[in-house]
Amino acid sequence: MADRASGPASLRLVPLVPLAAVPVVSAVMGLLALAATTAPSTTAPPAARAVDRPVALVATAGIDPFVAAGWRRAADLERAELTSRASRATPARVAPPPPATAAARPAAPRVVLPLAGGYRLTARFAESGGRWHGNRHTGQDFAARWGTPVRAVAAGVVRSSGYRGSYGLRVEIRHADGAITTYSHLGSSGVRAGERVAAGERIGRVGTSGNTTGAHLHLEVLLGPDRFTDPLQWLRAHGARP
Ligand SMILES: [Zn+2]
(Lines give C-alpha, C1' and ligand atoms only; values in the text may rest on other atoms or scores of the structure.)
Protein backbone atom coordinates (compact mmCIF):
# COMPACT_ATOMS: atom_id res chain seq x y z
CA MET A 1 0.00 0.00 0.00
CA ALA A 2 2.71 2.48 0.95
CA ASP A 3 4.46 2.46 -2.41
CA ARG A 4 1.18 2.88 -4.30
CA ALA A 5 0.25 5.84 -2.11
CA SER A 6 3.46 7.70 -2.82
CA GLY A 7 4.17 7.11 -6.47
CA PRO A 8 2.78 5.58 -9.63
CA ALA A 9 -0.83 5.39 -8.44
CA SER A 10 -1.21 9.15 -8.51
CA LEU A 11 1.07 9.80 -11.49
CA ARG A 12 -0.67 7.54 -13.96
CA LEU A 13 -3.99 9.22 -13.15
CA VAL A 14 -2.95 12.73 -14.02
CA PRO A 15 -3.62 12.62 -17.80
CA LEU A 16 -7.29 12.19 -16.95
CA VAL A 17 -7.55 15.67 -15.40
CA PRO A 18 -9.54 17.78 -17.93
CA LEU A 19 -7.42 20.32 -19.78
CA ALA A 20 -9.82 23.09 -18.83
CA ALA A 21 -8.99 22.55 -15.18
CA VAL A 22 -5.28 23.13 -15.69
CA PRO A 23 -5.30 26.98 -15.83
CA VAL A 24 -7.47 27.10 -12.70
CA VAL A 25 -5.02 25.06 -10.68
CA SER A 26 -2.20 27.28 -11.74
CA ALA A 27 -0.16 26.54 -8.64
CA VAL A 28 0.28 22.89 -9.63
CA MET A 29 0.84 23.42 -13.36
CA GLY A 30 4.48 22.51 -13.06
CA LEU A 31 3.65 19.34 -11.21
CA LEU A 32 1.05 18.38 -13.78
CA ALA A 33 3.41 18.94 -16.67
CA LEU A 34 6.07 16.85 -14.98
CA ALA A 35 3.62 14.11 -14.16
CA ALA A 36 2.18 14.06 -17.67
CA THR A 37 5.56 13.47 -19.23
CA THR A 38 6.43 10.66 -16.86
CA ALA A 39 3.03 8.96 -16.61
CA PRO A 40 3.04 5.32 -17.71
CA SER A 41 0.20 4.10 -19.90
CA THR A 42 -2.72 2.77 -17.92
CA THR A 43 -4.43 -0.57 -18.37
CA ALA A 44 -7.22 0.05 -15.88
CA PRO A 45 -10.79 -0.50 -17.20
CA PRO A 46 -12.89 2.67 -17.86
CA ALA A 47 -15.00 2.20 -14.74
CA ALA A 48 -11.90 2.10 -12.54
CA ARG A 49 -10.33 5.16 -14.20
CA ALA A 50 -13.45 7.22 -13.53
CA VAL A 51 -13.06 6.47 -9.84
CA ASP A 52 -9.41 7.53 -9.90
CA ARG A 53 -10.01 11.09 -11.04
CA PRO A 54 -10.70 12.80 -7.70
CA VAL A 55 -7.61 11.09 -6.26
CA ALA A 56 -5.39 12.62 -8.92
CA LEU A 57 -6.82 16.09 -8.32
CA VAL A 58 -6.24 15.88 -4.58
CA ALA A 59 -2.76 14.46 -4.83
CA THR A 60 -1.49 16.99 -7.34
CA ALA A 61 -3.05 19.93 -5.48
CA GLY A 62 -0.61 19.25 -2.70
CA ILE A 63 -3.08 18.31 0.01
CA ASP A 64 -1.78 16.59 3.14
CA PRO A 65 -0.29 13.25 2.00
CA PHE A 66 -2.14 11.44 4.77
CA VAL A 67 -5.52 12.73 3.48
CA ALA A 68 -4.53 11.93 -0.09
CA ALA A 69 -3.60 8.41 0.94
CA GLY A 70 -7.07 8.06 2.48
CA TRP A 71 -8.67 9.16 -0.77
CA ARG A 72 -6.55 6.72 -2.70
CA ARG A 73 -7.44 3.91 -0.35
CA ALA A 74 -11.14 4.70 -0.71
CA ALA A 75 -10.74 4.79 -4.49
CA ASP A 76 -8.93 1.44 -4.43
CA LEU A 77 -11.76 -0.12 -2.48
CA GLU A 78 -14.36 1.39 -4.78
CA ARG A 79 -12.44 0.28 -7.87
CA ALA A 80 -12.23 -3.25 -6.50
CA GLU A 81 -15.96 -3.22 -5.86
CA LEU A 82 -16.73 -1.91 -9.36
CA THR A 83 -14.45 -4.48 -10.98
CA SER A 84 -16.03 -7.30 -9.04
CA ARG A 85 -19.52 -5.98 -9.83
CA ALA A 86 -18.63 -5.78 -13.53
CA SER A 87 -17.30 -9.32 -13.60
CA ARG A 88 -20.46 -10.50 -11.87
CA ALA A 89 -22.66 -8.57 -14.30
CA THR A 90 -20.96 -9.78 -17.47
CA PRO A 91 -22.39 -13.34 -17.52
CA ALA A 92 -25.91 -11.96 -17.07
CA ARG A 93 -25.53 -9.74 -20.15
CA VAL A 94 -24.43 -12.56 -22.43
CA ALA A 95 -26.74 -15.21 -20.96
CA PRO A 96 -29.33 -16.60 -23.41
CA PRO A 97 -32.97 -15.53 -22.90
CA PRO A 98 -34.73 -17.59 -20.24
CA PRO A 99 -36.63 -20.62 -21.52
CA ALA A 100 -39.83 -19.05 -20.16
CA THR A 101 -40.61 -17.75 -23.69
CA ALA A 102 -42.17 -21.09 -24.58
CA ALA A 103 -44.51 -20.90 -21.61
CA ALA A 104 -45.31 -17.23 -22.28
CA ARG A 105 -46.38 -17.90 -25.88
CA PRO A 106 -50.16 -17.39 -26.11
CA ALA A 107 -52.10 -20.63 -26.38
CA ALA A 108 -54.10 -21.35 -29.54
CA PRO A 109 -57.42 -19.49 -29.29
CA ARG A 110 -60.34 -21.49 -28.00
CA VAL A 111 -62.96 -21.74 -30.73
CA VAL A 112 -66.60 -22.69 -30.27
CA LEU A 113 -69.58 -22.98 -32.59
CA PRO A 114 -71.64 -19.79 -33.07
CA LEU A 115 -74.81 -21.60 -32.01
CA ALA A 116 -74.90 -24.04 -29.11
CA GLY A 117 -77.25 -26.38 -30.98
CA GLY A 118 -80.65 -26.61 -32.65
CA TYR A 119 -79.40 -25.42 -36.05
CA ARG A 120 -79.24 -26.83 -39.54
CA LEU A 121 -76.40 -26.09 -41.97
CA THR A 122 -77.99 -24.60 -45.08
CA ALA A 123 -76.24 -22.46 -47.74
CA ARG A 124 -72.51 -23.32 -47.90
CA PHE A 125 -69.51 -21.10 -48.46
CA ALA A 126 -68.79 -20.20 -52.11
CA GLU A 127 -72.11 -21.61 -53.21
CA SER A 128 -73.25 -19.75 -56.32
CA GLY A 129 -76.65 -18.17 -56.73
CA GLY A 130 -78.46 -14.96 -57.55
CA ARG A 131 -79.24 -14.28 -53.89
CA TRP A 132 -75.70 -13.08 -53.11
CA HIS A 133 -73.47 -10.19 -54.10
CA GLY A 134 -71.10 -11.35 -56.80
CA ASN A 135 -73.26 -14.50 -57.05
CA ARG A 136 -71.10 -16.26 -54.51
CA HIS A 137 -71.94 -16.98 -50.92
CA THR A 138 -69.36 -15.35 -48.65
CA GLY A 139 -70.17 -17.36 -45.52
CA GLN A 140 -71.93 -20.32 -43.97
CA ASP A 141 -75.63 -20.24 -43.06
CA PHE A 142 -76.94 -21.78 -39.84
CA ALA A 143 -80.75 -22.00 -39.97
CA ALA A 144 -82.20 -21.76 -36.46
CA ARG A 145 -85.25 -20.55 -34.61
CA TRP A 146 -85.69 -16.80 -34.30
CA GLY A 147 -84.11 -15.68 -31.01
CA THR A 148 -81.55 -18.50 -30.69
CA PRO A 149 -78.50 -17.06 -28.87
CA VAL A 150 -75.51 -16.32 -31.13
CA ARG A 151 -72.05 -16.66 -29.58
CA ALA A 152 -68.64 -15.24 -30.43
CA VAL A 153 -66.70 -18.17 -31.91
CA ALA A 154 -63.48 -16.94 -30.25
CA ALA A 155 -62.32 -14.18 -27.94
CA GLY A 156 -61.85 -10.80 -29.56
CA VAL A 157 -62.89 -7.18 -29.79
CA VAL A 158 -66.15 -6.06 -31.38
CA ARG A 159 -65.25 -4.14 -34.53
CA SER A 160 -68.77 -3.01 -35.33
CA SER A 161 -72.40 -3.70 -34.51
CA GLY A 162 -75.15 -2.24 -36.65
CA TYR A 163 -77.28 -2.48 -39.80
CA ARG A 164 -75.42 -3.16 -43.04
CA GLY A 165 -77.82 -3.29 -45.98
CA SER A 166 -78.57 -6.81 -47.13
CA TYR A 167 -76.56 -8.22 -44.20
CA GLY A 168 -79.14 -6.75 -41.85
CA LEU A 169 -78.05 -6.38 -38.23
CA ARG A 170 -74.43 -7.49 -38.24
CA VAL A 171 -71.74 -7.89 -35.60
CA GLU A 172 -68.04 -8.06 -36.56
CA ILE A 173 -65.36 -9.32 -34.19
CA ARG A 174 -61.59 -9.02 -34.62
CA HIS A 175 -59.52 -11.78 -33.04
CA ALA A 176 -55.98 -11.78 -31.69
CA ASP A 177 -54.55 -13.56 -34.76
CA GLY A 178 -56.04 -10.90 -37.06
CA ALA A 179 -58.97 -13.01 -38.28
CA ILE A 180 -62.40 -11.37 -38.37
CA THR A 181 -65.68 -13.20 -37.85
CA THR A 182 -69.02 -11.64 -38.79
CA TYR A 183 -72.55 -12.54 -37.69
CA SER A 184 -75.38 -11.28 -39.92
CA HIS A 185 -79.22 -11.16 -40.11
CA LEU A 186 -79.39 -10.90 -36.31
CA GLY A 187 -82.71 -10.18 -34.57
CA SER A 188 -80.82 -8.30 -31.87
CA SER A 189 -77.28 -7.42 -30.86
CA GLY A 190 -76.00 -7.33 -27.30
CA VAL A 191 -72.59 -5.77 -27.95
CA ARG A 192 -71.07 -2.46 -29.00
CA ALA A 193 -67.96 -1.56 -31.02
CA GLY A 194 -64.79 -1.68 -28.91
CA GLU A 195 -66.21 -4.18 -26.46
CA ARG A 196 -64.08 -7.20 -25.56
CA VAL A 197 -65.81 -10.58 -25.80
CA ALA A 198 -64.82 -14.07 -24.69
CA ALA A 199 -65.14 -17.24 -26.74
CA GLY A 200 -68.72 -18.46 -26.40
CA GLU A 201 -70.02 -15.14 -25.07
CA ARG A 202 -73.50 -14.25 -26.31
CA ILE A 203 -73.35 -11.34 -28.76
CA GLY A 204 -76.91 -11.37 -30.13
CA ARG A 205 -79.80 -13.52 -31.32
CA VAL A 206 -80.73 -15.17 -34.60
CA GLY A 207 -83.16 -13.11 -36.68
CA THR A 208 -84.33 -12.27 -40.18
CA SER A 209 -82.92 -8.76 -40.64
CA GLY A 210 -81.60 -7.80 -44.09
CA ASN A 211 -81.97 -9.99 -47.14
CA THR A 212 -83.13 -13.40 -45.86
CA THR A 213 -85.69 -16.03 -46.72
CA GLY A 214 -85.97 -17.24 -43.10
CA ALA A 215 -84.37 -17.00 -39.65
CA HIS A 216 -80.73 -17.92 -39.87
CA LEU A 217 -77.22 -16.83 -38.94
CA HIS A 218 -74.88 -15.95 -41.78
CA LEU A 219 -71.34 -16.51 -40.44
CA GLU A 220 -68.26 -15.23 -42.26
CA VAL A 221 -64.58 -15.71 -41.49
CA LEU A 222 -62.08 -13.27 -43.03
CA LEU A 223 -58.31 -13.77 -42.83
CA GLY A 224 -57.73 -10.27 -44.19
CA PRO A 225 -59.56 -7.58 -46.19
CA ASP A 226 -61.91 -9.43 -48.57
CA ARG A 227 -60.10 -12.72 -47.81
CA PHE A 228 -63.18 -14.80 -47.09
CA THR A 229 -62.51 -18.36 -46.04
CA ASP A 230 -64.82 -21.33 -45.55
CA PRO A 231 -66.23 -20.95 -42.01
CA LEU A 232 -66.85 -24.70 -41.64
CA GLN A 233 -63.25 -25.55 -42.56
CA TRP A 234 -61.96 -22.78 -40.28
CA LEU A 235 -64.10 -23.99 -37.35
CA ARG A 236 -62.95 -27.59 -37.86
CA ALA A 237 -59.32 -26.51 -38.18
CA HIS A 238 -59.69 -24.87 -34.77
CA GLY A 239 -61.22 -27.90 -33.11
CA ALA A 240 -64.93 -27.02 -33.32
CA ARG A 241 -67.36 -29.61 -34.75
CA PRO A 242 -70.19 -28.00 -36.73
ZN1 LIG B 1 -75.53 -16.54 -45.78
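Presented here is an overview of the structure given in this document.

Conventions used here
- Here the residue numbers are simple positions, counted from 1 along each chain's written sequence.
- Given that this is a predicted model, residues contribute local features only at a pLDDT of at least 70 and side-chain atom pairs are listed and counted only at 80 or more, while totals for whole chains, interfaces and linings are drawn from all residues.
- Calculated side-chain values reflect all of the structure's heavy atoms, with hydrogen atoms and water omitted.
- Under the DSSP-based scheme used, a helix requires at least four consecutive residues in state H or I and a strand at least two consecutive residues in state E, with every element numbered from the N terminus.
- The buried label applies to any residue whose accessible area, calculated with a 1.4 Å probe on protein chains only, is under 20% of its type's maximum; exposed applies above 50%, and partly exposed to all values in between.
- Note on areas: these come from Shrake-Rupley sampling with a 1.4 Å probe, and a residue is covered only by the protein chains present in the view.
- Each pair of strands is called paired provided DSSP finds at least two bridges between the two strands.
- With water omitted from the atoms examined, metal sites may look incomplete; donors here are N, O and S atoms no farther than 2.8 Å from the metal, or 3.2 Å in the case of Na, K and Ca.
- Pairing of aromatic side chains here covers Phe, Tyr and the six-membered ring of Trp, requires ring centres within 6.5 Å, and sorts the geometry by plane angle: under 30 degrees stacked, over 60 edge-to-face, intermediate tilted.
- We call a charge positioned above a ring when the Lys NZ or Arg CZ atom is no farther than 6 Å from the ring centre and deviates by at most 35 degrees from the ring normal.
- Residue contacts follow a heavy-atom distance rule, with two residues in contact if any of their heavy atoms lie within 4.5 Å.

Notes on the overall build of the protein chain
Working step 1: For the protein chain, the helix and strand inventory stands at eight helices and ten strands.
Working step 2: Burial status across the protein chain gives 35% buried among its 242 residues.
Working step 3: Put simply, the protein chain shows about 14,000 Å² of open surface, and 59% of that area lies on carbon and sulfur atoms.

Side note on the pairing of strand β9 (residues 216–222)
Working step 1: β9 sits mainly inside the fold: seven of its seven residues count as buried.
Working step 2: Neither face of β9 is exposed, since H216, H218, E220 and L222 on one face and L217, L219 and V221 on the opposite face are all buried.
Working step 3: As paired elements, strand β6 (residues 180–189) and β9 share five bridges and run antiparallel to each other. Across the sheet, I180 pairs through a bridge with L222, a residue of β9.
Working step 4: One ladder, built from two bridges, connects β9 with strand β10 (residues 228–229); its direction is antiparallel. Bridge assignment links L222 to a residue of β10, and that residue is F228.
Working step 5: Here β9 folds back onto β10 in antiparallel fashion, the turn holding five residues, of which D226 has a positive phi close to 60 degrees.

Topic: the pairing of strand β4 (residues 156–163)
Working step 1: Here β4 pairs with strand β7 (residues 196–197) via two bridges, running antiparallel. Within the sheet, the bridge partner assigned to G156 lies in β7 and is V197.
Working step 2: Relative to strand β5 (residues 169–174), β4 runs antiparallel, the two being bridged by six bridges. Residue pairing in the sheet places S160 in a bridge with E172 of β5.
Working step 3: In this structure, the hairpin formed by β4 and β5 is closed by a connection of five residues, where G165 is found at a positive phi of approximately 55 degrees.

Describing unusual backbone geometry
Working step 1: Despite not being glycine, A126 has its phi angle at roughly 70 degrees, a positive value.
Working step 2: Residue placement: A126 occurs in the loop between β1 (119–121) and β2 (140–144).
Working step 3: On the basis of relative accessible area, A126 is assigned to the partly exposed category, the value being 26%.
Working step 4: Positive phi, close to 60 degrees, is recorded for D226, a residue that is not glycine.
Working step 5: Of note, D226 is situated in the loop between β9 and β10.
Working step 6: Residue classification places D226 among the exposed residues on the basis of a relative accessible area of 65%.

Here's the deal with the coordination of the zinc ion
Working step 1: Bound to the zinc ion are the protein donor atoms H137 (NE2), D141 (OD) and H218 (ND1), situated 1.9 to 2.1 Å from the metal.
Working step 2: All donors of the zinc ion come from a single chain, and their spacing in sequence reads H-x3-D-x76-H. Highlighted residues: H137 in the loop between β1 and β2 and H218 in strand β9, separated in sequence by 81 residues. Across the pair, H218 and H137 agree in class, each one buried.

Overview of the packing of aromatic side chains
Working step 1: Tallied over the entire structure, the rule returns one aromatic pair.
Working step 2: Seen from their ring centres, Y119 and F142 are 5.2 Å apart, and the 70 degrees between their planes marks the pair as edge-to-face. A residue pair is termed long-range when its members are at least 10 positions apart, and Y119 in strand β1 and F142 in strand β2 qualify at 23 residues.
Working step 3: Its guanidinium or amino end placed over the ring of Y167, R170 lies 4.0 Å from that ring's centre, counting from NZ or CZ.

Remarks on the side chain of T182
Working step 1: With respect to the helices and strands, T182 occurs in strand β6.
Working step 2: Overall, the relative accessible area of 1% leaves T182 in the buried class.
Working step 3: With near-sequence residues (within four places) excluded, T182 lies in contact with R170, V171, E172, H218, L219, E220 and L222.

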